[in-house]
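# A structural walkthrough
This is what each chain is made of:
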Amino acid sequence: MNNFSELDLAAERIESLKAGILSAFALLLAFGTIAAINQLILAKQFDPLVGLQIATVDIHLLISSAVAWLSGFLFGITYRYIIRQDNNSHLQEGAVFAFGLVRGLAQLDVGLKFQDSFWPFVVLALESVLLFAIARFTLDLAIQSRWVKPFK
C-alpha cells in the first residue's frame, strides 16, 4: 500500500514541475551564453572550430534551443528524484555526467557522420556536461534555499 495521499502526490508533482522549469531555464540561459561565446570567440580564434558559428537565427537554432530547454526540464525532474534527501556527491555528479554524456555523445556521433572536422563536436560534447553541471548548481541552490523541496 502506498503511503502517499493524493495531496502528497500533488505536492510532489508541483515540486518536480518547479525543479524542471528552473532547470530548463538555467540550461537554456547557459546554452545561449555558450553559443554566444562559440560565435564570438572560439569560432573566430580557432579554424577547426569554425563549424560552431551560427550564420543567422534560423530554425536550427530554435530547435537546438527547444532541445536544450526540454533536456533541462527532464534533467530537473530526474535530478530531484535522484538526489532525494541524500548528500551523496556520486549521485549528483553521476546525474550530470549521465545527462551530459548522452547529449554530448549523440552530438559527437552525428558530427562524425556529417563533418570532416570532429573538433566542433568534441567542444559541443564537453559543453553538454557543462550545461547540466550549471543546471545542477542552480537546482542545488534552489533546494538549499528551500524554493524547491527535495523528494521525500
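The rules we used
- Residues numbered from 1 in each chain as written.
- Predicted model: local features only at pLDDT ≥ 70, side-chain atom pairs only at ≥ 80, totals over all residues.
- Heavy atoms only, no water.
- Axes fitted to C-alpha atoms, helices over the stretch in contact; angles between N-to-C directions.
- Helix = DSSP H or I, 4+ residues; strand = E, 2+ residues; numbered from the N terminus.
- Parallel < 35°, antiparallel > 145°, perpendicular 65-115°, else oblique.
- Left-handed = near helix turned anticlockwise from the far one by under 90°.
- Contact = heavy atoms within 4.5 Å.
- Salt bridge = Lys/Arg side-chain N within 4 Å of Asp/Glu carboxyl O.
- Buried < 20%, exposed > 50% of the residue type's maximum accessible area, 1.4 Å probe, protein only.

Below, the discussion takes up the packing of helix H2 (residues 59-83) against helix H4 (residues 119-144). Running from N to C, H2 and H4 cross one another at 55°; their axes reach a closest spacing of 10 Å. When the axes of H2 and H4 are compared, the pair comes out oblique. In the crossing of H2 with H4, the sense of the turn from one axis to the other is right-handed. Within the contact between the two elements, H2 uses Ser71, Phe75, Gly76, Tyr79 and Ile83 and H4 uses Phe132, Ala135, Arg136, Leu139, Asp140 and Ile143.

Looking now at the pattern of salt bridges. Tallied over the full model, the rule gives three salt bridges. The partner of Arg80 in a salt bridge is Glu12, and the shortest N-O contact between them spans 2.4 Å. Residue Arg80 is found in helix H2, and its partner Glu12 is found in helix H1 (residues 6-45); the two are separated by 68 residues along the sequence. Residues Arg80 and Glu12 agree in their burial class; the two are buried. The residue Glu15 makes a salt bridge to Lys18 at a minimum N-O spacing of 3.2 Å. Of this pair, Glu15 and Lys18 are both found in helix H1, three residues apart, which corresponds to roughly one turn of the helix.

Take it as geometry only, folks, not as evidence of what the structure does.
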